[in-house]
Amino acid sequence: MTAELDRTRIPQHIAIIMDGNGRWANERGRERSYGHQAGVDAVHKITSECTRLGVKYLTLYTFSTENWNRPADEVSALMGLILTSLEEEIFMKNNVRFRMIGDMQRLPKEVQTKIRELEEHTAANDAMTAVIALSYSSRWEITEAVRQIVAEQPQDITEATITSHLATSFMPDPDLLIRTGGELRISNYLLWQIAYSELYFTDTYWPDFDEACLHKAIADFQRRQRRFGKTEAQVENNE
């Protein structure tokens, strides 16, 4: 059953930690790569539904800097899957702009080329921006931002200075962070940006996370009161 949503209170930015592909495959007696392929299908479904609902930014944790430590054959298979799954038609059909955040230089050259082409070809799309966090970790991102700031030697360093040097400077902070797969941790993902994001954890593995699951997460978000450090009374009085 699909949760009833208030279409006037759809999160502007949803970030997702897509976890559980490998365990989903193992429970079916299949290789982990089978789960990753099923995870791509889930990405297509959720991207389309977020666009339909009016979400403006969808950020997907696709491959972390720590994931480079996985077995070489799995990393190679994942890179190949990423290359084949970045289908321009899907983004064009949904009027979605594609962006990537992460350490581009660590990626295979053919993946780098595909990403640059897709970013260029979808630059004018404006229904939603789909962002993949690839070869990304928050500590890497913050370290890079600090290096840039030190090189520029600004007279004053503020929160705004740091924010403007982050890989995510082109979009607002997430309103809602979803993690699938049953784990209750952030895993080095958007640590600066989720300071006031609403967090939603589900036991559902990513390949099984469908439109109804997304609606349930958004409905839960809509039942919460976001106070940003204020009291409940202040929020109710719009102070």
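Residues numbered from 1 in each chain as written. Predicted model: local features only at pLDDT ≥ 70, side-chain atom pairs only at ≥ 80, totals over all residues. Heavy atoms only, no water.

### Section: the packing of aromatic side chains
Here the structure, examined in full by the defined rule, presents 8 aromatic pairs. For the ring pair Tyr136 and Trp140, a centre distance of 6.3 Å and an interplane angle of 75° mean the geometry is edge-to-face. Classification of Trp140 as partly exposed rests on a relative accessible area of 21%. Here the basic side chain of Arg30 rests over the ring of Tyr34, its NZ or CZ set 3.8 Å away from the ring centre. Across from the ring centre of Phe170, 3.9 Å away, lies the NZ or CZ of Arg99, which sits over that ring. (Phe/Tyr/Trp six-rings, centres within 6.5 Å; stacked < 30°, edge-to-face > 60°. Buried < 20%, exposed > 50% of the residue type's maximum accessible area, 1.4 Å probe, protein only. Lys NZ or Arg CZ within 6 Å of the ring centre and 35° of its normal.)

### Section: unusual backbone geometry
For residues besides glycine, phi is generally negative; the peptide bonds are generally trans as well. Notably, Ser135 is not glycine yet its phi reads approximately 55°, a positive angle. The topology assignment puts Ser135 in strand β4 (residues 128–136). Even without glycine at this site, Gln153 takes up a positive phi of about 50°. When you line up the elements, Gln153 lands in the loop between α6 (138–152) and α7 (159–164). Look at Gln153 and you get exposed, because its relative accessible area is 67%. (Helix = DSSP H or I, 4+ residues; strand = E, 2+ residues; numbered from the N terminus.)

Note that all results are geometric; they support no functional claim without further evidence.
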